[in-house]
Amino acid sequence: MSKKKTPSLAIWLLYLGLLWFDSFPGLEAATGKLASIPGLYVFGDSLVDAGNNNYLPISIAKANYPRNGVDFPKKKATGRFSNGKNAADVIAEKFGLPLPPPYRSLKGALKVKKRESAALTGLNFASGGAGIFNSSDKKLGQSIPLSHQVDDWLSIHNEVTGKLRPAEAQVHLSKSLFIVVIGSNDLFDYYGSFKTREKNNPQQYTRSMADKLKEQLKRIHETGARKFLVVGVAQIGCIPGNRDTESNLHECDEEANRSCSLYNEALVKMLQQLKQELQNSMSYSYFDNFKSLQDINSNPARFGFTEVTSACCGSGKLNAASHCQPISKFCPDRTKHLFWDRFGHPTEAASRTFVDLMLSNDSQYSSPLTLTQLASS
C-alpha cells in the first residue's frame, strides 16, 4: 500500500518544490522567462491606441479603415494606426496577456460583465491625437487627452478592485504594469501655434509638459499603481511627414528634434523627482525612444530594416503627401519598413523591435530599469 502512494507523494513534493523555487523575485529573468504581470493598463496617443477613437462620435482622428490592419488577425482595421499590432499589444503578448481592449468599447450597462472581466487583465485608454495638455483636444473632441484617460481609469478602478478582496486588489495593482506613451502631439501643437510659441520658449514649454504629466502619474499612483513604463518622445523631426522632400538627402527637421530632446531631459528629471517624492513607492522604466530611433536610422540593417525614411502606406514623395487611406499604395514587405504612415506610426515589425529593446538587458535605452527588470521587481 505504501509503495503505491510513494510516487504520488514524490510528485506532490516536487510540485511544492517547484512552486517554492519559482517564488524568488527576478528568477524568471535569470532563466530567460519573463516575470508574470497580472494586468496591463495603457495610456497615451496614437502610438498605442487600440481603437478608443472609434467610439468618439464626431472625431475624424480614426484608423478603423483599410489599409490599416492589413497584417492584423483577419486583416481587420481595428482603430490601430498600424498595419498590425502596436507596441502595447506586443508587450501584452510578451507577458502572456490578452490584448488590452479599448476602454470606450466596453462602456455601458449592457457590457458590465465583459468590462469587469477585461479590467482584471488590462485595458487600453489611449487615444490617437491625444496630448498631455487638454489643448490637443480643442478641435471638436477629436481625441481623449491624458487627463480624461486617467478619469476613465478612475471610473473603472472600483470595478477592478471590487472583483477582488482588498489585499488581493492591492497586490494586483502593485504588480500590474502601467504604460504611458504620450507627448508628441503636444510638441506638434507647440510648433503649430504662433501664440503658444510667443508665450513660451521651448525649454519652458517642455518643462511644463513634464510637470503636467507628473500630475497625472500621481493620480494613477494614488489608485495603487506601482510599476510604470514611460516612453520618451522619438525624433518627430525624422518622421516621413517632417522630412525635407525637396532634398535628395531628405533631411530631418532638427528644430523639432531639439524640442524632443528638451522634453525627454525634462521627463527624466521629473521621473527621478517623482520617485523621491513618493518615497520610492513607485518603480519605473524610462525608454529612450529618441536614441532607439536615432540608432535605427543610423544603421537600419542592424535592426532588420531596409527603409527608414519613407512611409509604407501613403502617396507622393516618401509616401508622405497624404495619410494612409483605402486607396493608398503600400509596400509589399512591411517587415522591412520602419514607418507605416506619414505621421511616423511604426509598422508592427518596428513596434516589435522597440519592445525587444525595452526588454533587453542592454541598458543604453532603458533607465533605471529595463522592462524585464521592472516586471520582476
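Predicted model only: the values in this text are computed from it and were never measured.

## Digging into helix H12 (residues 348-359)
Stage number 1. Its twelve residues place the ends of H12 17 Å apart at the C-alpha level, agreeing with the 16 Å of an ideal helix rising 1.5 Å per residue.
Stage number 2. Counting buried positions along H12 yields ten of twelve residues, so the element is predominantly enclosed.
Stage number 3. What H12 keeps buried is the set Glu348, Ala349, Ala350, Ser351, Thr353, Phe354, Val355, Leu357, Met358 and Leu359.

## A word on the sheet that holds strand S10 (residues 366-368)
Stage number 1. Judged by pairing direction, the sheet is mixed, and its six strands sit side by side in the order S2-S1-S3-S4-S5-S10 without closing on themselves. On the outer flanks of this sheet lie strand S2 (122-124) and S10, each paired with one strand and no other. Strand after strand, the sheet turns through a mean of 20° between neighbouring axes, direction not considered.
Stage number 2. Where strand S5 (residues 283-287) meets S10, three bridges bridge the pair, whose relative direction is antiparallel.

## Things to note about the pattern of salt bridges
Stage number 1. Per the stated rule, a full pass over the model turns up 14 salt bridges.
Stage number 2. A salt bridge links lysine 317 to glutamate 246; its shortest N-O distance comes to 3.8 Å. With lysine 317 in the loop between strand S7 (313-314) and strand S8 (329-330) and glutamate 246 in the loop between strand S4 (227-231) and helix H10 (254-277), this pair connects stretches of sequence that are 71 residues apart.
Stage number 3. Through salt bridges with shared partners, a single ionic network connects Lys85, Glu93, Glu348 and Arg352.

## So, the packing of helix H9 (residues 202-222) against H10
What describes two packed helices is the angle between their axes and the distance between those same axes.
Stage number 1. Two elements in contact, H9 and H10, have axes whose closest approach is 8 Å; the angle formed by their N-to-C orientations is 35°. When the axes of H9 and H10 are compared, the crossing they make is right-handed. Contact residues: Pro202, Gln203, Thr206, Arg207, Met209, Ala210, Leu213, Lys214, Leu217 and Lys218 in H9; Ser259, Leu262, Tyr263, Ala266, Leu267, Met270, Leu271, Gln273, Leu274 and Glu277 in H10.
Stage number 2. When grouped by side-chain class, the residues that make up the contact of H9 with H10 number twelve nonpolar, four polar and four charged.

Rules used throughout
- Residues numbered from 1 in each chain as written.
- Predicted model: local features only at pLDDT ≥ 70, side-chain atom pairs only at ≥ 80, totals over all residues.
- Heavy atoms only, no water.
- Helix = DSSP H or I, 4+ residues; strand = E, 2+ residues; numbered from the N terminus.
- Expected span 1.5 Å × (residues − 1).
- Buried < 20%, exposed > 50% of the residue type's maximum accessible area, 1.4 Å probe, protein only.
- Pairing = 2+ DSSP bridges.
- Axes fitted to C-alpha atoms, helices over the stretch in contact; angles between N-to-C directions.
- Salt bridge = Lys/Arg side-chain N within 4 Å of Asp/Glu carboxyl O.
- Left-handed = near helix turned anticlockwise from the far one by under 90°.
- Contact = heavy atoms within 4.5 Å.
- Nonpolar A, V, L, I, M, F, W, Y, C, P; charged D, E, K, R; others polar.

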